[in-house]
Amino acid sequence: MKLVAGNSNRALSEAIAAYLNIPLTKSLVRRFADMEVFVEIQENVRGEDVFVIQSTSYPANDHLMELLIIIDALKRASARRITAVIPYFGYARQDRKPGPRSPISAKLVANLITTAGADRVLTLDLHAGQIQGFFDIPTDNLFGAPVLTRDIEDHYKGENLMIVSPDVGGVVRARAIAKRINADLAIVDKRRERAGESEVMNIIGDVKGRSCILVDDIVDSAGTLCNAAEALLKQGATAVSAYVTHGVLSGGAVARVSASQLKELVITDSIQPTEAVRVAHNIRAVTIAPLIGEAMRRTAEERSVSSLFD
């Protein structure tokens, strides 16, 4: 079993390597003067089971290209099996045609990864579960729920909790966490006129006197979370926190969260936190390295991955 790390999230790769007690394979991933990506695997990987760890986070195109070229380099170096470990799968929000003449970019990216030579894909909390079907190779979609649930139980034990989905599409995800901690579920009914902007219409459920926890898979501009927190407090919630798997937090999102009424925003390290995220007073990151590391070990040993979530 060999581990190869791209440049997108070196800290997570090192944490996974430490969990597995396997050193990262020596490799060189750099840029030429014109910003072309160059990759060189500096150890023998012939006949090896190789895992490439690379989130396709900002800058998404650069990190995606790194992943594809690393896979190609390993394929040409005669690796026996290549698993693309993608903690955050970029382009996942482009999973359908929202209008005429629009691309389905998630499918295109799946094709690129498969054509580059990956034999398997391991990812975390896909924005839409059907993206698994975009791949023609085995794809394991891990769930961040056990990590988030454990943190909720550690920090909110004894509180009168209400799990809240920030939109109708996230109900299944929120219900899974509500079931794990035996809490009630509420739903925010929102309207999105254009990308990056949303307006809360109604709160479905009685949140008065409850400590609310918003659960989602991606926080990007953070507008939805901040608006939902304000609406929940107006409906009588005592406090509002948010647990989100992937902290994209682009543009002015960190400042927006810091100035909002959110008690705290908890994200995972599927995307390497920026300095602004690290110093924000109400943003905290939990690690998913043990979860991904254990899934990788089970994949290498041909054992069940789904039993991790029983």
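Structural notes, computed from the coordinates. (Residues numbered from 1 in each chain as written. Predicted model: local features only at pLDDT ≥ 70, side-chain atom pairs only at ≥ 80, totals over all residues. Heavy atoms only, no water.)

Quick look at helix α1 (residues 10–20) now. Residues spaced three or four apart along an α-helix point in a common direction, a consequence of the helix completing one turn every 3.6 residues. Looking only at α1, the buried set comprises Leu12, Ser13, Ile16, Ala17 and Leu20. Here the buried residues of α1 occupy an arc of 140 degrees about the axis, which is enough to place them on one side. The elements touched by buried residues of α1 are β1 (2–5), β4 (49–53) and α9 (289–300). Asparagine 21 sits one or two residues past α1 and shows a positive phi near 60 degrees. (Buried < 20%, exposed > 50% of the residue type's maximum accessible area, 1.4 Å probe, protein only. Helix = DSSP H or I, 4+ residues; strand = E, 2+ residues; numbered from the N terminus. Arc of directions from axis to C-beta. Contact = heavy atoms within 4.5 Å.)

This brings us to the pattern of salt bridges. For the coordinates displayed, the defined rule picks out 22 salt bridges. Salt-bridge contacts for aspartate 62 lead to arginine 31; the nearest nitrogen and oxygen are separated by 3.9 Å. Separated by 31 residues along the polypeptide, aspartate 62 in helix α2 (residues 60–76) and arginine 31 in strand β2 (residues 27–31) bring together distant segments of the chain. Between arginine 81 and glutamate 302 there is a salt bridge, with its nearest N and O atoms 3.2 Å apart. Note that arginine 81 is positioned in strand β5 (residues 81–86) and glutamate 302 in the segment after α9, a separation of 221 residues in sequence. (Salt bridge = Lys/Arg side-chain N within 4 Å of Asp/Glu carboxyl O.)

In this structure, aspartate 95 sits in the loop between β5 and α3 (105–116). A relative accessible area of 7% places aspartate 95 in the buried class. A distance of 3.0 Å separates polar atoms of two side chains, one belonging to aspartate 95 and the other to arginine 96. Those residues in contact with aspartate 95, other than ones at most four positions away along the chain, are Ile104, Ala106, Ala128, Gln130, Ile131 and Phe134. (Polar contact = N/O pair within 3.5 Å; in protein donor to acceptor, adjacent residues only side chain to side chain.)

Pairing is parallel across the open sheet formed by 5 strands, whose spatial order is β1-β4-β5-β6-β7. Since the sheet does not close on itself, it has two edges, and those belong to β1 and β7 (139–142), each with one partner. For this sheet, the mean inter-axis angle between neighbouring strands, taken without regard to orientation, is 20 degrees. Where β5 meets strand β6 (residues 120–124), 4 bridges bridge the pair, whose relative direction is parallel. Residue pairing in the sheet places valine 85 in a bridge with leucine 122 of β6. (Pairing = 2+ DSSP bridges. Axes fitted to C-alpha atoms, helices over the stretch in contact; angles between N-to-C directions.)

Below, the discussion takes up the packing of α1 against α9. The description of two helices packed together rests on the angle between their axes and the distance between the axes. With their axes 9 Å apart at the nearest point, α1 and α9 run at an angle of 60 degrees to one another. Here α1 lies oblique to α9, going by the angle between them. Judged by the sense of rotation from one axis to the other, the crossing of α1 with α9 is right-handed. Of α9, the residues touching α1 (which contributes Leu12, Ala15, Ile16, Tyr19 and Leu20) are Ala289, Pro290, Ile292, Gly293, Glu294, Met296 and Arg297. The residue makeup of the contact of α1 with α9, split by class, is 9 nonpolar, 1 polar and 2 charged. (Parallel < 35°, antiparallel > 145°, perpendicular 65-115°, else oblique. Left-handed = near helix turned anticlockwise from the far one by under 90°. Nonpolar A, V, L, I, M, F, W, Y, C, P; charged D, E, K, R; others polar.)

Turning our attention to the nonpolar core. With 38 residues, the main nonpolar core has Ile16, Leu142, Ile152, Ile163, Ile213 and Met296 as its most contacted residues. Leaving out residues up to four positions away in the same chain, isoleucine 163 has contacts with Ala174, Ile177, Ala178, Ile181, Ala183, Asp184, Leu185, Ala186, Ile213 and Val215. Val45, Val52, Leu64 and Leu126 belong to the second largest nonpolar core, which has 33 residues in total. (Core = buried A, V, L, I, M, F, W, Y, C linked by side-chain atoms within 4.5 Å.)

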